Amino acid sequence: MATSMLGGGVVIAGTGAGDDDALAPVRGPADGGVEKKVDRLLKQMTVDEKLQQVQLLSDGQITDDDAKKGVGGVFSLTDPAKIDHYQHIAVERSRLHIPILFAYDTIHGYRTTFPVPLAEAASFDPGVAGDDFTISARESAAVGIKQIYAPMVDVSHEPRWGRIVEGSGEDPYLGSVMAAAKVRAAQGDDYAADDKVVTSVKHFVAYGAAEGGRDYNSTDVSERRLRDLFLPPFKAALDAGADTVMCSFNSLNGSPGCANAHTMTDILKGEWGFDGFVESDYTAVAELRACPPKNPDDGPCGHGMAADGAAAGALALNAGTDSEMVSTNLRDNGKQLLASRQISIRRLDDAVRRILRVKFRAGLFDHPYADRSKVAERTLRPADRAKARAAVGKSVVLLKDDDGTLPIDPSKSVAVIGPLGDDQHDMLGPWWGQSQDEDAVSLLAGVKAQDPDTTFAQGCPMVDADLYDPKNECPDDSGFADAVAAARKADQVVLALGEVRGQGGEAEVRSKIDLPGRQLDLLKAVKATGKKVTVVLFNSRPLDLTDVAANADAIVEAWFPGIEAGNGLADVLFGAVDPGGKLPVSFPRSVGQVPISYNHEPTGRPCDASQKYNSRYRDIASCDPLYEFGYGLSYTTFKFDNLVLSSKSMSPRDSVKVSVDVTNTGSRAGDEVAQLYLHDPVASLSQPVRRLRGFQRVTLKPGEKRTVTFRLDASDVGFSDDAGRFVVEPGEIDVFAGDSSKADLTDSFTVTGGSRR
Ligand code: BGC
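So, here is what we can say about the structure in this document. (Residues numbered from 1 in each chain as written. Predicted model: local features only at pLDDT ≥ 70, side-chain atom pairs only at ≥ 80, totals over all residues. Heavy atoms only, no water.)

Re the pairing of strand β19 (residues 655-664)
Rules: A simple rule labels every residue: compare its accessible area, found with a 1.4 Å probe on the protein chains alone, to the largest value its type can have, and call it buried under 20%, exposed over 50%, or partly exposed in between. Helical segments are the DSSP runs of H or I of at least four residues, strand segments are the runs of E of at least two, and each set is numbered from the N terminus. Strand pairing requires that DSSP identify at least two bridges connecting the strands.
Counting buried residues in β19 gives eight out of 10 residues, a clear majority hidden from the surface. Bridging between strand β17 (residues 638-645) and β19 involves six bridges; their strand directions are antiparallel. When the bridges of β19 are listed, F638 appears paired with N664. Sheet topology note: the β19/strand β22 (residues 705-713) ladder contains nine bridges and is antiparallel. When the bridges of β22 are listed, S659 appears paired with T709.

Structure representation (structure tokens):
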């Protein structure tokens, strides 16, 4: 275990974060049969055919001619007839009959859109991610897609960054558990199966550390933070079997993701022994060029590391990129690069070998075409929708619930109000796969299904548009009077506020993270009626909810819940489902606190908002975020006690068990997430004030008690140094258990020896 950065800190009792094996590697040694087939094929390939194999084209680029020449991969093509068409050409009319690998961004559902990944992380239940990726893989494979560009595992402390919604939030351990669950579900034991796909874990690496939160922006990250914060979910995904990786747009310490030999060749392929392939992100190879580019037809420019397309292709290949997405620098210049020895045939062969290996493992040579008899699997199925609905219930986080505002009293009348109240389009989130807006259940439709007399008033519009225009963001109060009238007539109000889906996702960065437009004024106007107001939030990122919290009686964080949005939310609002989700990312008090995360390192002057000369904000009266990582309420109450360590000391070759009792002290059944955090108080490099190393979601009846047990070993207590070594040091480790990152039940044990490797 000591070479792994991932922990033994997994739950060993009950269900949820997994059993002892949740993060254990699944792939054995390379399959000799596959290797022989790859060798045989490679020997027959011409240089031109090899250069075709490392080319990845989009749906808009692919032609019959490309298929005939033996292009390696195609992405974003979803029409099964077209996929079939190009595959037939590649298999029947290309010289060596090598099938194409078809790929798609199946991020949180292909046809059955699940809650966005950040929401799934909020479930603290890998089973939710597993359901999503089991269905996603089956639906994708049914049309001939055999690779998915997921899971996205970028850890981020940046709520301004719109892509925070695509990952699992701010914590590497939670991100690792979710990543492993997704890969296992999508690939199974053998991704050649006709309902499985190979996963591509992305974006390698530190893309979530974008400076200023601006997408594609530079990052500068120490080796130890790289290894302890950003790399662990990638390693977890690979250990779970992920066989492809996407290198990222951003530069890391001056070296762009797809030109970074340290991350791709030294760490990924060297230290970790990764034998699959790395594809570039979209035109990321062209973007290595200096601007203005010598040949603008070759795609965009930017990083200023290559004088022309040929140099960009060489740089990317030599650093470890195996496949070029959209731009064609390697394919077009490869022969010249070989002749001038800027690339070697050995490295080109290595890239081709990796791509062929994955194609053989995917069973594409035996079954290149999607099974037409599986056409039913391309349609929405009630059983899948039921799983998506359950996922909504599990992903919701109850942030506030004063005086029993929730669950809603079904005997009293309800008004749904707000710009996102009767909205199908935005429920699907920023990657909606092949779902149509009309597939989605709006909040109003879901509430009405359980209470047909529910009324509605929009209050103001929120319009999804590509570019910012204040007119699209709840621009004025002209609809407030109707909203107030609807509130007056009802006994209780559900107010749907937040962002549209286009305000999150790729390239969608906000400099403010409060409610767009006049939505807060709408909340105040409705609240002034004196009715109990439950705010249901739809959003891609942590928002500044300071003013919302001051005005709402209850707040339900719904994220973007997918096609079953309204039904899943109504289950929670009416109390059929207890909200047990927890925040996978801190919600700051203002954008000025960003970046903020629970797992920050300590300072010599820890924050004390009431004193001078310490690490505080002068104008924020608290050191904490508004809602911390791991926080979330329930309709019932829980008590944590009886924290027990199996031993007060642990040798680096041994493990220690930590158990804690969780009791439902309320009068309803409900869900709680037991969380285990560690801190190393004296280390040769200053360590984060807390690090999550175990969690378990439990459902308990009133009065029921459950003992949750976690196992810790050297991999949980060690850390990385700036030479990239994993260090375990002797000394004390503090343990905290409870219901959030502020957990205060504590004890400690002593690590009796050390190691450095
Ligand atoms: C995104 C990737 C995505 C790719 C293909 C890029 O712009 O960064 O996440 O997989 O496009 O759609």
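Let us keep going from here.
Brief notes about the packing of helix α11 (residues 309-319) against helix α12 (residues 329-339)
Just so we agree on the cut-off: Geometry is summarised by axes, namely lines fitted to C-alpha atoms with helices restricted to the contacting stretch, and by angles between N-to-C directions that run from 0 to 180 degrees. The cut-offs work like this: below 35 degrees is roughly parallel, past 145 is roughly antiparallel, 65 to 115 is roughly perpendicular, and the gaps in between are oblique. We call two residues in contact when some of their heavy atoms are within 4.5 Å. Think of it as three bins: nonpolar holds Ala, Val, Leu, Ile, Met, Phe, Trp, Tyr, Cys and Pro, charged holds Asp, Glu, Lys and Arg, and polar takes everything else, Gly as well.
Packing of α11 against α12 leaves a shortest axis separation of 8 Å and a crossing angle of 90°. Between α11 and α12, the angle is such that the two are roughly perpendicular. Residues G309, A310, G313, A314 and L317 of α11 pack against N329, L330, N333, Q336 and L337 of α12. Here the contact of α11 with α12 is built from residues that sort into five nonpolar, five polar and no charged.

Some points on the site of the ligand
As a reminder, the rule being used: What makes a residue near a molecule or strand is one non-hydrogen atom of that residue sitting within 4 Å of it. Any pair of nitrogen or oxygen atoms within 3.5 Å is treated as a polar contact; in protein, a donor-acceptor pairing is required on top of that, and neighbouring residues in sequence qualify only through side-chain atoms on both sides. Residue-level accessible areas treat just the shown protein chains as cover; the underlying method is Shrake-Rupley with a 1.4 Å probe.
In the vicinity of the ligand, the contacting residues are F75, D105, Y149, R163, K202, H203, M246, F249, D281, Y282 and E506. Within the contact set of the ligand, an oxygen atom lies 2.5 Å away from a side-chain nitrogen or oxygen of D105. A distance of 2.7 Å is found between an oxygen atom of the ligand and a side-chain nitrogen or oxygen belonging to R163. Summarising the interface, the protein chains cover 93% of the accessible area of the ligand, which totals 310 Å² for the free molecule. Looking at the shell around the ligand residue by residue, the classes come out as five nonpolar, one polar and five charged.

Topic: unusual backbone geometry
For the bond running from C291 to P292, omega is -10°, close enough to zero to count as cis. Tracing the backbone through its elements, the reader meets P292 in the loop between β9 (277-280) and α11. Backbone geometry places V326, a non-glycine residue, at a positive phi of 75°. Within the secondary structure, V326 is located in the loop between β10 (324-325) and α12. At D403, a position not held by glycine, the phi torsion is positive, near 50°. Assignment of secondary structure puts D403 in the loop between β11 (397-401) and β12 (414-417). On the accessibility criterion, D403 (69% relative accessible area) is exposed.

Overview of the pattern of salt bridges
Definition in use: Here a salt bridge means any side-chain nitrogen of Lys or Arg lying within 4 Å of a carboxyl oxygen belonging to Asp or Glu.
Taken as a whole, this structure holds 55 salt bridges when the rule is applied. D322 serves as the salt-bridge partner of R347, at 2.8 Å between the closest nitrogen and oxygen. Highlighted residues: R347 in helix α13 (residues 345-361) and D322 in the loop between α11 and β10, separated in sequence by 25 residues. In this structure, R347 and D322 share a single accessibility class: buried. A salt bridge links R725 to D721, with the shortest nitrogen-to-oxygen separation between them at 3.0 Å. Put simply, K269, D322, R347, D350 and R354 are held in one network by salt bridges that share partners.

With respect to the sheet that holds strand β3 (residues 101-104)
If you trace the eight strands from one edge of the open sheet to the other, you get β9-β6-β5-β4-β3-β2-β1-β10, paired in parallel fashion. Looking at which strands have only one partner, the edges of the open sheet turn out to be β9 and β10. Sheet topology note: the strand β4 (residues 147-148)/strand β5 (residues 198-204) ladder contains two bridges and is parallel. Bridge pairing in β5 places I148 opposite T199. Set on the sheet, helix α9 (residues 232-239) makes contact with β5 and β6 (244-247); between it and β5 the angle comes to about 165°.

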